[in-house]
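Residue-level structure breakdown
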Amino acid sequence: MSFDEWVLALHVLSAFAYVAGVVLFWMLIVAVRKIDTPEAIIRMEPIVKVGNAAVGIGAVGTILLGIWLAFALDGYAIWDGWIIAALVLWAVAGAVGQRTGAAYMRGMRKAKELDAQGQRGANAELLALNRTSNGVLLHALTSVVVLLILLDMIFKPGA
Amino acid sequence: MTVLAAIRPDSWNFPLFLHVLGAMILVGGLLTGASSLAFARGDARFLRLGYWSLLAVSLPGWVLMRAGAEWVASREGWTKEGVPSPTWLDLGTLIADLGGVILLVSLVVGGVGVYRLRAGKGSGLLKATLVLSTVLLAAYLVAVWAMSGKPD
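Residues numbered from 1 in each chain as written. Chains lettered and ligands numbered in written order. Predicted model: local features only at pLDDT ≥ 70, side-chain atom pairs only at ≥ 80, totals over all residues. Heavy atoms only, no water.

1. So, the overall build of chain A
Scanning chain A from terminus to terminus reveals six helices and zero strands. Projecting the C-alpha coordinates of chain A onto the three principal axes gives extents of approximately 60 × 30 × 20 Å. For chain A, the proportion of its 159 residues judged to be buried stands at 48%. Within chain A, counting contacts between residues at least 6 apart in sequence, those at least 24 apart form 79% of the total. As displayed, chain A has an accessible area near 7,700 Å², and 68% of this comes from carbon and sulfur atoms. Separation between the mean location of the 12 positive side-chain charges and that of the 11 negative ones in chain A comes to 13 Å. (Helix = DSSP H or I, 4+ residues; strand = E, 2+ residues; numbered from the N terminus. Buried < 20%, exposed > 50% of the residue type's maximum accessible area, 1.4 Å probe, protein only. Contact = heavy atoms within 4.5 Å. Areas by Shrake-Rupley, 256 points an atom, 1.4 Å probe, with all protein chains shown as cover. Lys, Arg positive; Asp, Glu negative; His and termini not counted. Charge placed at Lys NZ, Arg CZ, Asp CG, Glu CD.)

2. Topic: the interface of chain A and chain B
Facing 39 residues of chain A, the contacting portion of chain B comprises 37 residues. Of the roughly 3,600 Å² buried between chain A and chain B, counting both surfaces, carbon and sulfur atoms make up 79%. Contact with chain B buries surface across chain A, with Phe16, Arg43 and Ile154 of chain A losing the most and accounting together for 20% of the total. At the boundary of chain A and chain B, one finds one salt bridge. Across the pair aspartate 43 of chain B and arginine 43 of chain A runs a salt bridge whose closest N-O atoms are separated by 3.2 Å. At the surface where chain A touches chain B, the tally comes to one residue pair in polar contact (both at pLDDT 80 or more). Secondary structure elements with two or more residues in the side of chain A that touches chain B: helix 1 (3–32), helix 2 (38–43), helix 3 (45–72) and helix 6 (133–155) of chain A. If one sorts the elements of the side of chain A that touches chain B by residue count, helix 1 of chain A sits on top with 17 residues. A breakdown of the residues in the side of chain A that touches chain B according to their chemical character gives 32 nonpolar, two polar and five charged. (Buried area = accessible area lost by both parts, 1.4 Å probe. Salt bridge = Lys/Arg side-chain N within 4 Å of Asp/Glu carboxyl O. Polar contact = N/O pair within 3.5 Å; in protein donor to acceptor, adjacent residues only side chain to side chain. Nonpolar A, V, L, I, M, F, W, Y, C, P; charged D, E, K, R; others polar.)

3. A few points about the pattern of salt bridges
Applying the stated rule across the entire model yields eight salt bridges over all chains. Counted as one network, the salt bridges with shared partners bring together Glu39 and Arg43 of chain A together with Asp43 and Arg45 of chain B.

4. A look at the environment of leucine 16 of chain B
Mapping leucine 16 of chain B onto the fold places it in helix 1 (residues 13–39). For leucine 16 of chain B, a relative accessible area of 17% gives the class buried. Each C-alpha atom, one on leucine 16 of chain B and one on threonine 79 of chain B, is 15 Å from the other, the two residues being 63 residues apart in sequence. Those residues in contact with leucine 16 of chain B, other than ones at most four positions away along the chain, are Ile154 of chain A together with Arg8 and Val72 of chain B.

5. Describing unusual backbone geometry
Leave glycine aside and you will find that most residues have negative phi; peptide bonds, for their part, are mostly trans. The phi torsion at lysine 156 of chain A lies on the positive side, around 45 degrees, for a residue other than glycine. With respect to the element layout, lysine 156 of chain A can be found in the segment after helix 6. Of the residues examined, lysine 156 of chain A reaches a relative accessible area of 16% and is grouped as buried. At arginine 41 of chain B, a position not held by glycine, the phi torsion is positive, near 45 degrees.

6. Concerning the side chain of serine 14 of chain A
Residues and elements named next belong to chain A. Tracing the chain through its elements places serine 14 in helix 1. Assessed through its relative accessible area of 7%, serine 14 is described here as buried. Non-local contacts of serine 14, meaning those with residues more than four positions away in its chain, are made with Ile57, Gly58, Gly61, Thr62 and Leu65.

7. Examining the packing of aromatic side chains
Following the criterion strictly, the structure yields six aromatic pairs over all chains and no others. Each member of the aromatic cluster is reached from another via a ring pair, and the members are Phe14, Phe17 and Trp71 of chain B. (Phe/Tyr/Trp six-rings, centres within 6.5 Å; stacked < 30°, edge-to-face > 60°.)

8. A look at helix 4 (residues 124–149) of chain B
The end-to-end C-alpha distance of helix 4 of chain B is 38 Å, a good match for the 38 Å that 26 residues give at a rise of 1.5 Å each. Among all positions in helix 4 of chain B, only Leu126, Thr129, Leu130, Ser133, Leu136, Leu137, Tyr140, Ala143, Val144, Ala146, Ser148 and Gly149 of chain B are buried. Turning to helix 4 of chain B, the residues buried within the fold contact helix 1 of chain A together with helix 1, helix 2 (44–76) and helix 3 (87–118) of chain B. (Expected span 1.5 Å × (residues − 1).)

Encoded structure:
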């Protein structure tokens, strides 16, 4: 394999990490809707960190290696319409994804507050924070944008 | 400089999209399943979350990935008799099919584990599911590398 072929393989692996993170957060969003105790929310933190790592590695890897490939490969240029579309969609996915994270971290922060106060039982306010419809909507939007990036990468409109 | 992502006929794009989307869902389900099982620390909620991630996400992802793979391979002419297939395709197919069998085994073992969990009999079998899903995750990442880098 040439250097560029390695870069392409790592670019695709980064995309897989990104989508795997998005899928992981969907499962957590579904699971957290039934959780109303601080302890259970806090127990989710290591799984959230795995998701954050996957999305982080995926986001950085796709953009850096993707830009490298746009410059390195014959037949592609950074100003190609489908590449510009991918860059814009990548930025949108990142911005919306950050807002999704912020929406769900309210529940985590509340759980830690309650735990620090020694309140370990079911809490209605915590459950309401975990059932944020804004968070679901934002994650759905992130997923749609990521799906559009995948479509753009495969169909390469205008290429 | 070689053009790595050679121009494909448009008719290959949709089956390729289904193949890649399925593979991404499969890997996402495996990552969720393995993480939930690894960090559950005996909590039944997270053990079940891990198992259901494999059953409700990874399995449909595998079916979509495999169906898309056959479709795109037939479009590319690799399924015709007498046509030699490249190493990356053989490697990807082997890992996908062997991985499918291991996924089914892990689901059966995990299903019994969830049943035993309900009966209060411990989570030993779900630890086996964790090991299998972690091995699968690593194997499928190798498959992704092989399919995208296309080594000779």
